[in-house]
Amino acid sequence: MIKRALLSTFDKESLVDFAQGLAELGVELVASGGTADHLEEHGIETARVEDLTEIPELLGGRVKTLHPRIHAAILARRDHPDDLAALDEHGIRPFDLVCVNLYPFTQVISRHGVQEEDAVEMIDIGGPSMLRAAAKNFAHVAPVCKPERYGSILAELRHSNGLSGETRRILASEAFATTAAYEAAIARWFSDIDAFPETYTPSFTKVTDLVYGENPHQRAAYYAEAGVRRHLLSRVGQLHGRELSYNNLSDLSAARLLSLEFTVPCCIIVKHANPSGVAVAGSIEEAYDRALAADPLSAYGSVTVLNRPVGDELGAKIAEQFVEVLLAPDFGEKGLEALQQKPATRILVDHERRRFDPSEKDFRRVLGGLLVQDRDWGTTEREGMEVVTGTPSEADWGDLLFAWRVCKHVTSNAIVIAKDLQTIGIGAGQMSRVDAVKLAVEKAREHGHDLEGAVLASDAFFPFPDGPRVALEAGVKAIIQPGGSKRDQDVIDAVESAGATMVFTHRRHFQH
């Protein structure tokens with residue numbers, strides 16, 4: 001039974017209704033300074049923490065709930081006579097519910113240009129202490145840290161005149177998860193001076209449950225990393241279609257990351273986390289046509305990302321294809337209507353397109369552990385590359401740099417063949433590089449692309465001349481690759497003898 005509640009919240013959302021509901025159930029309310037002021041402004045009388053402790057708030061509010069009369073009232077076990085005797089001896093009455101939410105540390109540090117002193121002031125001390133105390137004593141005290149729980153808690157109290165053991169355990173789990181994530185965000189902020197600290201403490205907050213994982217028998221959810229300025233679905237609205245799935249989000253992430261490589265109109269079509277068609281052009285309409293034409297077969301059931309608004313005519317054209325997920329900055333009204341005739345297509349609008357945090361890390365779960373690395377941001381500039389044979393024209397450079405940017409986002413071993421700023425053949429995830437070249441060439445031929453004068457990008461060096469020879473014999477005239485093989489000279493000789501051009505980037509782009 002809940003007889004007495006302690007309220008101390010930074011986020012006052014729905015607090016008045018929750019406090020009013022508790023008061024109507026006969027619960028005595030005790031609140032810290034700011035919370036008490038807020039409730040009294042809305043006509044809800046509360047006792048104040050300082051009246052219990054007989055000490056006013058100190059140090060500008062830094063010390064208000066850190067007191068034995070507060071923590072003993074939370075931690076006392078009702079089935080331990082010694083605990084109850086200690087409360088009686090000191091005239092302390094126990095709390096049955098503790099409602100706390102914390103200073104918004106992660107929101108503050110996510111702002112551009114935040115000062116260190118402002119961040120430090122958002123490190124909550126008393127709040128986590130009270131939550132952890134209540135969660136530890138969940139058998140007797142209900143810890144409440146999420147405003148979205150207020151309604152269900154009041155409903156259960158009205159129905160049962162108390163909270164079940166199962167509810168208390170759930171609330172305790174949420175409280176410990178909240179304080180753990182909070183401390184992890186603080187630890188991460190302090191350790192930013194070290195890219196890979198001794199203890200790595202990322203934390204994530206669930207954004208949404210997913211229908212299932214990669215396969216129907218796998219459960220799944222999408223979590224956003226705490227403290228990041230932007231994540232995959234932030235500032236993204238869904239206008240139409242089914243719920244997003246695990247595979248949808250995996251492909252969407254791949255497409256969005258690749259789209260960040262280009263500022264000119266571009267279209268990215270992704271299937272199974274690999275680009276199947278990419279093109280840049282003078283207009284978004286032309287970019288879409290060329291990206292689709294790159295590999296129209298693989299585009300069936302794809303994720304498509306465009307970096308310019310989709311007008312009515314383009315929307316109607318896309319609606320003729322089966323697209324699983326479509327994302328763009330905006331949609332014309334009639335084009336959107338045409339797209340909405342496809343019930344399975346998830347239509348997303350990107351309200352804010354900007355680059356992700358360059359300090360963001362890549363994670364990969366492995367057996368019993370986690371692999372962590374810097375994200376592979378940026379692409380070597382032309383000035384840092386070395387022309388090892390031939391003389392690329394300006395048009396060649398455009399295609400080479402385009403193919404190189406796309407290649408970075410293809411699963412290794414990765415080969416991208418491009419022509420006129422359009423991918424025409426992609427070989428992804430092959431165990432040998434020569435097989436990746438053969439696959440890219442076959443893809444181009446399969447869809448009727450003219451390989452004569454095309455360029456090829458390889459995410460890592462060619463260990464033998466066999467791969468380049470396959471491409472050169474098919475009509476490729478320029479190759480861009482990192483170089484660094486013991487047999488680089490053999491590869492250079494093969495390219496030179498074919499009268500072709502080759503550029504070394506001296507930077508690898510493996511993506512496993």
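Conventions and cut-offs
Residues numbered from 1 in each chain as written. Predicted model: local features only at pLDDT ≥ 70, side-chain atom pairs only at ≥ 80, totals over all residues. Heavy atoms only, no water. Pairing = 2+ DSSP bridges. Helix = DSSP H or I, 4+ residues; strand = E, 2+ residues; numbered from the N terminus. Axes fitted to C-alpha atoms, helices over the stretch in contact; angles between N-to-C directions. Contact = heavy atoms within 4.5 Å. Phe/Tyr/Trp six-rings, centres within 6.5 Å; stacked < 30°, edge-to-face > 60°. Buried < 20%, exposed > 50% of the residue type's maximum accessible area, 1.4 Å probe, protein only. Core = buried A, V, L, I, M, F, W, Y, C linked by side-chain atoms within 4.5 Å. Polar contact = N/O pair within 3.5 Å; in protein donor to acceptor, adjacent residues only side chain to side chain. Patch = residues over 30% accessible without salt bridge, like charges linked within 9 Å, V, L, I, M, F, W, Y side chains within 5 Å. Areas by Shrake-Rupley, 256 points an atom, 1.4 Å probe, with all protein chains shown as cover. Salt bridge = Lys/Arg side-chain N within 4 Å of Asp/Glu carboxyl O. Parallel < 35°, antiparallel > 145°, perpendicular 65-115°, else oblique. Nonpolar A, V, L, I, M, F, W, Y, C, P; charged D, E, K, R; others polar.

(A) Spatial organisation of the sheet that holds strand 20 (residues 478–481). Strand order in the open sheet formed by six strands is 16-21-20-19-17-18, with mixed pairing between adjacent strands. If you trace the sheet from one side to the other, it starts and ends with strand 16 (386–389) and strand 18 (423–427), each paired once. The mean angle between the axes of side-by-side strands here comes to 20°, regardless of whether they run parallel or antiparallel. In this sheet, strand 21 (residues 501–504) lies alongside strand 16 in antiparallel orientation, the contact comprising three bridges. Paired with Thr 389 across the bridge in strand 21 is Met 502. Seen against the sheet, helix 16 (residues 433–446) touches strand 17 (415–418), strand 18 and strand 19 (455–458) and runs at an angle of roughly 145° to strand 18.

(B) Representation of the packing of aromatic side chains in the model. Counting across every chain of the model gives seven aromatic pairs. When the ring of Phe 10 is compared with that of Tyr 103, the centres are 5.8 Å apart and the planes differ by 65°; the resulting orientation is edge-to-face. With Phe 10 in the loop between strand 1 (4–9) and helix 1 (15–24) and Tyr 103 in the loop between strand 4 (97–101) and helix 6 (105–109), this residue pair connects regions lying 93 residues apart in the sequence. Its relative accessible area of 41% is what places Phe 10 among the partly exposed residues. Classification of Tyr 103 by relative accessible area gives partly exposed; the value is 23%. Taking the centre distance of 4.3 Å and the plane angle of 5° together, the rings of Phe 18 and Tyr 150 count as stacked. Placement of the pair is Phe 18 in helix 1 and Tyr 150 in helix 9 (residues 150–160), with a sequence separation of 132 residues. With respect to burial, Phe 18 and Tyr 150 carry one shared label: buried.

(C) The nonpolar core, seen in detail. Membership of the largest hydrophobic core comes to 43 residues, with the highest contact counts inside it found for Leu 249, Leu 252, Phe 262 and Val 406. Ignoring anything within four residues of it in the chain, the contact list for Leu 252 reads Leu 232, Leu 233, Val 303, Val 305, Val 325, Leu 327 and Leu 348. Leu 87, Val 98, Phe 105 and Met 130 belong to the second largest nonpolar core, which has 33 residues in total.

(D) Region of the structure containing the environment of Gly 475. With respect to the helices, strands and loops of the structure, Gly 475 is situated in the loop between helix 17 (466–474) and strand 20. Residue Gly 475 is classed as buried on the basis of its relative accessible area, which comes to 7%. Between the alpha carbons of Gly 475 and Ile 347 there is a distance of 39 Å; along the sequence they are 128 residues apart. Setting aside residues up to four positions removed in sequence, Gly 475 forms contacts with Leu 451, Glu 452, Gly 453 and Ala 454.

(E) Structural context of the environment of Ile 109. With respect to the secondary-structure elements, Ile 109 resides in helix 6. Considered as a pair, Ile 109 and Val 228 are 119 residues apart in the sequence and their alpha carbons are 8.8 Å apart.

(F) Quick look at the side chain of Asp 396. Secondary-structure assignment places Asp 396 in helix 15 (residues 394–407). For Asp 396, a relative accessible area of 10% corresponds to the buried category. At 3.0 Å, the side chain of Asp 396 and the side chain of Lys 477 are in polar contact. Once you skip the residues sitting within four places of it in the chain, Asp 396 turns out to touch Val 455 and Lys 477.

(G) Local environment of the side chain of Ser 32. Relative to the helices and strands, Ser 32 is located in the loop between strand 2 (28–31) and helix 2 (33–41). Contacts of Ser 32, omitting those with residues within four sequence positions, involve Leu 7, Ser 8, Val 49, Lys 64 and Thr 65.

(H) The arrangement of a nonpolar patch on the surface in detail. A surface patch of nonpolar side chains, amounting to about 280 Å² of accessible area, comprises Ile 55, Leu 58 and Leu 59. Take Ile 55: its relative accessible area is 38%, and that puts it in the partly exposed class.

(I) Highlighting the pattern of salt bridges. Counted by the stated rule, this structure contains 23 salt bridges. Where salt bridges share partners, they join Arg 4, Glu 28 and Arg 93 into one cluster.

(J) Region of interest: unusual backbone geometry. That bond from Ser 412 to Asn 413 is cis: its omega, -10°, falls within 30 degrees of zero. Locating Asn 413 in the fold gives a position in the loop between helix 15 and strand 17. Unlike most non-glycine residues, Ser 14 shows phi in positive territory, near 65°. Looking at where Ser 14 falls in the secondary structure, it is placed in the loop between strand 1 and helix 1. For Ser 14, a relative accessible area of 38% puts it in the partly exposed group. Phi at Ala 273 takes a positive value of approximately 70°, unusual for a residue other than glycine. The residue Ala 273 is located in the loop between strand 9 (266–271) and strand 10 (274–280) in this model. Residue classification places Ala 273 among the partly exposed residues on the basis of a relative accessible area of 24%.

(K) The sheet that holds strand 11 (residues 302–306), seen in detail. Taken in spatial order, the six strands of this open sheet run 8-13-12-11-9-10, and their pairing is mixed. Each end of this open sheet is capped by a strand with a single partner; those strands are strand 8 (236–240) and strand 10. Averaged over neighbouring strand pairs, the angle between their axes works out to 20° when direction is ignored. In the packing of helix 12 (residues 284–294) onto the sheet, contacts are made with strand 9, strand 10 and strand 11, and the angle to strand 10 comes to roughly 145°.

(L) Focus on the packing of helix 1 against helix 9. Put simply, helix 1 and helix 9 touch, their axes get as near as 10 Å, and they point 10° apart. By the angle class used here, helix 1 and helix 9 are roughly parallel. In this structure, helix 1 contributes Leu 15, Asp 17, Phe 18, Gly 21, Leu 22 and Glu 24 to the contact, and helix 9 contributes Tyr 150, Ile 153, Leu 154, Leu 157 and Arg 158. By residue class, the composition of the contact of helix 1 with helix 9 is seven nonpolar, one polar and three charged.

(M) Representation of the packing of helix 4 (residues 68–75) against helix 8 (residues 126–136) within the structure. Between helix 4 and helix 8, the least distance of the axes is 8 Å, while the angle of their chain directions is 25°. If you check the angle between helix 4 and helix 8, you find them roughly parallel. Residues Ile 70, His 71, Ile 74 and Leu 75 of helix 4 form the contact with helix 8, whose own contacting residues are Ser 129, Met 130, Ala 133, Ala 134 and Lys 136. In terms of residue class, the contact of helix 4 with helix 8 is built from six nonpolar, two polar and one charged.

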